[in-house]
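What follows is the residue order along each chain.
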Amino acid sequence: MPLLFFLLMLPNPDEVNGCERCRAIIHAGTNSPDGMGSPADSRLEKLDSLFAAVSGRGGFHGALGVVYKGGVFYQHCSGLANMETGRAFTPRTSMEIASLSKQFTAAAILLLEQDGVLSSEDYAASYLPEGFPYKDVKIIHLVTHTAGLPDYTPWFIENWKHDRFVTNADIMAYLIEHRPDAVFAPGERYAYSNTGYVVLAEVVHQASGMPLDVFLQDRLFDRFPFENSGFYNRSLIYEMENYAPSWHWSVEEGRYVRPESIPGREYLAFLSGRLG
């Protein structure tokens, strides 16, 4: 099943109801910054004024929060979560976080290292299918974007049938079969790498016996207050009640559209089956 990672960005301790403009102030103890403990504080009024003005012009669709010492001090939501259905943003709307999910993949590696299951200094190939060609790459290289692995994206855009989701297994098969050249030697320099984090997801799968999404659900999301967080099937996200998919502005159509509907960006759909 093609899966994507999404996270609830705004906690809502006071269970504030969804509305066009939402706000919650935490007053007690360490949750209030010095000089900002009163709802009448001029700085809070300025925040309200700013976002009221921006939202009033249709310039902000989303939710934000100010967190101080573990508490939500200020939160605001406005605009639409779903441009097709007209569903409004609420403080509890889950949002697409795209590659910000990589921090959770890295956390999965650290949890496994904490458990003594693996070491970040291990060679990644020892956890991967036979034939993985980048024998000198260590797990720590993958975590820190210093592995030098080639980008798989151009090959799949050029060669993949667009009506089929690409999975991690497909990407691993491509790396093993085609053996594209590394960009640089492991540890030589930094270069952001989607490939590296797909490989990390496979390391987690092999080391833990669970796919990355199942592992994170068990070890993080179910044990800590990550409500409405997890992996969702892209074919369902535009119909979900409490979810905000990403949207792109189409100059030609003069409206927000699904990103994968823009010519030349169809890959955003069929490459969405990856974990990592």
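A few points on the structure.

1. Topic: the overall build of the protein chain
When you go through the protein chain residue by residue, the secondary structure sums to 8 helices and 10 strands. Of all intrachain contacts in the protein chain linking residues separated by at least 6 positions in sequence, the fraction that spans at least 24 positions is 66%. Split by element, the accessible area of the protein chain, about 14,100 Å² in all, is 53% carbon and sulfur.

2. A word on the nonpolar core
The biggest cluster of nonpolar side chains holds 42 residues, and the ones touching the most others in it are Leu142, Phe156, Leu175, Val199, Val203 and Leu216. Where this core is concerned, the elements lending two or more residues are α2 (102-114), α3 (139-143), α5 (168-178), α6 (194-208) and α7 (212-221). With 7 residues, the single largest contributor to this core is α6. Other than its neighbours up to four places away in sequence, Val199 contacts Leu128, Phe132, Leu142, Leu149, Met172 and Leu175.

3. A look at α5
Within α5 the residues assigned to the buried category are Asn168, Asp170, Ile171, Met172, Tyr174 and Leu175. Arg179 sits one or two residues past α5 and shows a positive phi near 50°.

4. As for the packing of α5 against α6
Look at α5 against α6: their axes get within 10 Å of each other, and the N-to-C directions meet at 110°. Classified by the angle between their axes, α5 and α6 sit roughly perpendicular to one another. For the pair α5 and α6, the sense of crossing is left-handed. Contacts between α5 and α6 involve Asn168, Ile171, Met172 and Leu175 from the first element and Thr195, Val198, Val199, Ala201 and Glu202 from the second. Taken together, the residues of the contact of α5 with α6 sort by class into 6 nonpolar, 2 polar and 1 charged.

5. Some words on a nonpolar patch on the surface
Among the surface-exposed residues, Trp249, Val251 and Tyr256 lie close enough to one another that they form a single nonpolar patch of about 340 Å² accessible area. Mapping Val251 onto the fold places it in the loop between β9 (248-250) and β10 (255-257). On the accessibility criterion, Val251 (67% relative accessible area) is exposed.

6. What to know about the pairing of strand β3 (residues 71-78)
Burial analysis of β3 places 8 of its 8 residues in the buried class, which makes it a mostly covered element. When strand β2 (residues 62-68) meets β3, the two strands line up antiparallel, connected through 7 bridges. Bridge pairing links Ala63 to Cys77 in β3. Linking two consecutive strands that pair antiparallel, namely β2 and β3, is a turn of 2 residues; a positive phi of about 50° is found at Lys69 within it.

7. Focus on the environment of Tyr134
Examined against the element boundaries, Tyr134 turns out to sit in the loop between α2 and α3. Side-chain polar atoms of Tyr134 contact the backbone oxygen of Pro180, separated by 2.5 Å.

8. A few points about the packing of aromatic side chains
Tallying each qualifying case throughout the model produces 13 aromatic pairs. Where Phe156 meets Tyr174, the ring centres are 5.6 Å apart and the plane angle is 70°; that geometry is what we call edge-to-face. Note that Phe156 is positioned in helix α4 (residues 153-159) and Tyr174 in helix α5, a separation of 18 residues in sequence. According to the relative accessible area criterion, Tyr174 is buried, its value standing at 9%. Aromatic side chains Tyr238 and Trp247 sit 5.3 Å apart centroid to centroid with 70° between the ring planes, which places their arrangement in the edge-to-face category. Classification of Trp247 by relative accessible area gives buried; the value is 14%. These aromatic residues form a ring-pair network of at least three members: Tyr152, Trp155, Phe156, Trp160 and Tyr174. The ring of Tyr238 is capped by Arg258, whose NZ or CZ atom sits 3.8 Å from the centre of that ring.

Rules used throughout
Residues numbered from 1 in each chain as written. Predicted model: local features only at pLDDT ≥ 70, side-chain atom pairs only at ≥ 80, totals over all residues. Heavy atoms only, no water. Helix = DSSP H or I, 4+ residues; strand = E, 2+ residues; numbered from the N terminus. Contact = heavy atoms within 4.5 Å. Areas by Shrake-Rupley, 256 points an atom, 1.4 Å probe, with all protein chains shown as cover. Core = buried A, V, L, I, M, F, W, Y, C linked by side-chain atoms within 4.5 Å. Buried < 20%, exposed > 50% of the residue type's maximum accessible area, 1.4 Å probe, protein only. Axes fitted to C-alpha atoms, helices over the stretch in contact; angles between N-to-C directions. Parallel < 35°, antiparallel > 145°, perpendicular 65-115°, else oblique. Left-handed = near helix turned anticlockwise from the far one by under 90°. Nonpolar A, V, L, I, M, F, W, Y, C, P; charged D, E, K, R; others polar. Patch = residues over 30% accessible without salt bridge, like charges linked within 9 Å, V, L, I, M, F, W, Y side chains within 5 Å. Salt bridge = Lys/Arg side-chain N within 4 Å of Asp/Glu carboxyl O. Pairing = 2+ DSSP bridges. Polar contact = N/O pair within 3.5 Å; in protein donor to acceptor, adjacent residues only side chain to side chain. Phe/Tyr/Trp six-rings, centres within 6.5 Å; stacked < 30°, edge-to-face > 60°. Lys NZ or Arg CZ within 6 Å of the ring centre and 35° of its normal.

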